[in-house]
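Structural description and commentary
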Amino acid sequence: AQKITQTQPGMFVQEKEAVTLDCTYDTSDPSYGLFWYKQPSSGEMIFLIYQGSYDQQNATEGRYSLNFQKARKSANLVISASQLGDSAMYFCAMREGGTGRRALTFGSGTRLQVQP
Amino acid sequence: EPEVTQTPSHQVTQMGQEVILRCVPISNHLYFYWYRQILGQKVEFLVSFYNNEISEKSEIFDDQFSVERPDGSNFTLKIRSTKLEDSAMYFCASRSSGRGDSYEQYFGPGTRLTVT
């Protein structure tokens with residue numbers, strides 16, 4: 001079974017609008033972390049936001065927020081006020097275990113295109 | 001801001017040749033990782049390294065692969081006899097040991113390996 005599922009291979013959004021990128025995960029570990037990374041066409045992996053399994057509140061970082069629904073095992077990324085520079089691949093990832101040393105498991109990604 | 005660096009940015013090699021990919025993690029980080037991303041696919045974990053030994057490895061990381069931390073700053077991935085299917089972007093990542101943080105893994109810019 002896939003540990004991280006991103007069901008949207010591609011998304012379009014108009015500049016200045018908000019967009020939600022879906023991510024569901026599967027783990028039996030009570031302690032885990034969820035991450036979102038952005039990969040522009042240049043190829044680097046840029047960390048965006050993190051949500052811990054025990055965090056009570058949804059994580060926010062500037063225009064990025066994570067809609068964490070633990071019972072549904074979803075961790076959707078919301079980008080508000082989209083900008084042209086947001087066009088990129090977006091990967092959801094999970095780290096299982098509480099020590100933080102475990103590797104990340106990535107989803108297949110969503111390609112976001114922001115249109116003017 | 002400290003960052004993970006990787007060299008070279010692009011390496012072309014012939015099938016059967018050995019390659020060494022180099023990474024300089026962030027200086028106070030203790031956990032190191034290699035991931036790879038075949039073109040158009042998701043990022044896959046290869047190996048993690050802590051306290052001068054491998055702490056976790058994936059099925060991809062077979063006997064053709066090895067990692068080393070030859071000195072206090074470099075972290076290398078060696079592929080002994082490259083195959084066509086080793087062509088991919090290889091990412092190095094590192095993270096600190098600090099508790100209470102996001103356990104964020106900081107990724108380097110990647111080395112694109114092309115095996116011909």
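Scroll up for the structure.
In this report, we go over the structure that sits alongside the text. The structure presented is a predicted model; accordingly, all values stated were derived computationally and were not measured.

Membership of the largest hydrophobic core comes to 25 residues, with the highest contact counts inside it found for Tyr25, Trp36, Ile49, Leu77, Tyr90 and Leu112 of chain A. If one sorts the elements of this core by residue count, strand 10 (residues 88–96) of chain A sits on top with 4 residues. What isoleucine 49 of chain A contacts, discounting residues up to four positions off in sequence, is Leu34, Phe35, Trp36, Ala59, Thr60, Glu61, Tyr64, Ser65, Leu66 and Leu77 of chain A. In terms of nonpolar packing, the next biggest core, distinct from the first, is built from 21 residues, Phe32, Val47, Phe61 and Cys92 of chain B among them.

So, on to the interface of chain A and chain B. Contacts between the two partners involve 21 residues from chain A, matched on the other side by 19 residues from chain B. A buried area of about 1,800 Å², summed over both sides, lies between chain A and chain B, and 53% of it is on carbon and sulfur atoms. Counting the contacts that link chain A with chain B gives 1 salt bridge. Glutamate 56 of chain B is the partner of arginine 102 of chain A in a salt bridge, and the nearest nitrogen-oxygen pair spans 3.2 Å. Put simply, chain A and chain B have 6 residue pairs in polar contact (both at pLDDT 80 or more) between them. Listed by contribution, the elements that provide at least two residues to the side of chain A that touches chain B are strand 5 (32–39), strand 6 (46–52), strand 10 and strand 11 (104–106) of chain A. No other element matches the 3 residues that strand 5 of chain A contributes to the side of chain A that touches chain B. The class makeup of the residues in the side of chain A that touches chain B is 9 nonpolar, 8 polar and 4 charged.

Space inside the largest pocket adds up to approximately 380 Å³. Residue lining of the largest pocket: 17 residues in total, with Leu104 and Thr105 of chain A together with Glu44, Phe45 and Ser58 of chain B positioned closest to the centre. Elements represented by at least two residues in the lining of the largest pocket include exactly strand 10 and strand 11 of chain A together with strand 5 (43–50) of chain B.

Here we come to the environment of asparagine 28 of chain B. Residues and elements named next belong to chain B. Its place among the elements puts asparagine 28 in the loop between strand 3 (19–24) and strand 4 (31–37). For asparagine 28, a relative accessible area of 55% corresponds to the exposed category. Counting along the chain gives 65 residues from asparagine 28 to alanine 93, while the straight-line C-alpha distance between them is 13 Å.

Moving on to the pairing of strand 4 of chain B. Residues and elements named next belong to chain B. Of all 7 residues in strand 4, 7 are buried; the element is thus mostly enclosed. Taken together, the 7 bridges between strand 4 and strand 5 define a ladder with antiparallel strand orientation. Paired with tyrosine 31 across the strands is tyrosine 50, a residue of strand 5. Between strand 4 and strand 5, which pair antiparallel in sequence order, lie 5 residues; one of them, glycine 40, sits at a positive phi of approximately 80°. As paired elements, strand 4 and strand 9 (residues 88–95) share 7 bridges and run antiparallel to each other. By the bridge assignment, arginine 36 is partnered in strand 9 with tyrosine 90.

Basis of the calculations
Residue positions are counted from 1 within each chain, in the order its sequence is given. Whichever chain is written first is A, and whichever ligand is written first is 1; the rest continue in order. Local features are withheld for residues below a pLDDT of 70 in this predicted model, meaning they are given only at 70 or higher, and side-chain atom pairs are given and counted only at 80 or more; totals for whole chains, interfaces and linings count all residues. Here the side-chain values reflect all heavy atoms present in the structure, with hydrogen atoms and water set aside. To qualify as a nonpolar core, a set must consist of buried Ala, Val, Leu, Ile, Met, Phe, Trp, Tyr and Cys residues joined through side-chain atoms within 4.5 Å. Accessible area is worked out with a 1.4 Å probe on protein chains only. A residue is then buried under 20% of its type maximum, exposed over 50%, and partly exposed in between. The numbering of helices and of strands both runs from the N terminus, where a helix is a DSSP run of H or I of at least 4 residues and a strand a run of E of at least 2. Contacts between residues were defined by any pair of non-hydrogen atoms, one from each residue, lying within 4.5 Å. Here the quantity called buried area is the total loss of accessible area, with a 1.4 Å probe, experienced by two parts when brought into contact, counted for both. Salt bridges are defined as contacts in which a side-chain nitrogen from Lys or Arg sits within 4 Å of a carboxyl oxygen from Asp or Glu. For the purposes of these results, a polar contact is taken to be a pair of N or O atoms within 3.5 Å, where, inside protein, one atom must be able to donate a hydrogen and its partner to accept one; residues adjacent in sequence count only when each atom of the pair is a side-chain atom. Under the convention adopted here, Pro, Cys and the residues Ala, Val, Leu, Ile, Met, Phe, Trp and Tyr are nonpolar, Asp, Glu, Lys and Arg are charged, and Gly plus all remaining residues are polar. Grid points spaced at 1 Å and placed over the protein atoms alone form the basis of the search, with a cavity being a set where a 1.4 Å probe fits but cannot get out and a pocket an open set showing protein on both sides within 12 Å along at least five of seven lines. Lining residues have an atom within 4 Å of a point. Grid points are joined across faces, edges and corners, and a volume is the space filled by probe spheres set on the points. Two strands make a pair as long as DSSP finds a minimum of two bridges between them.

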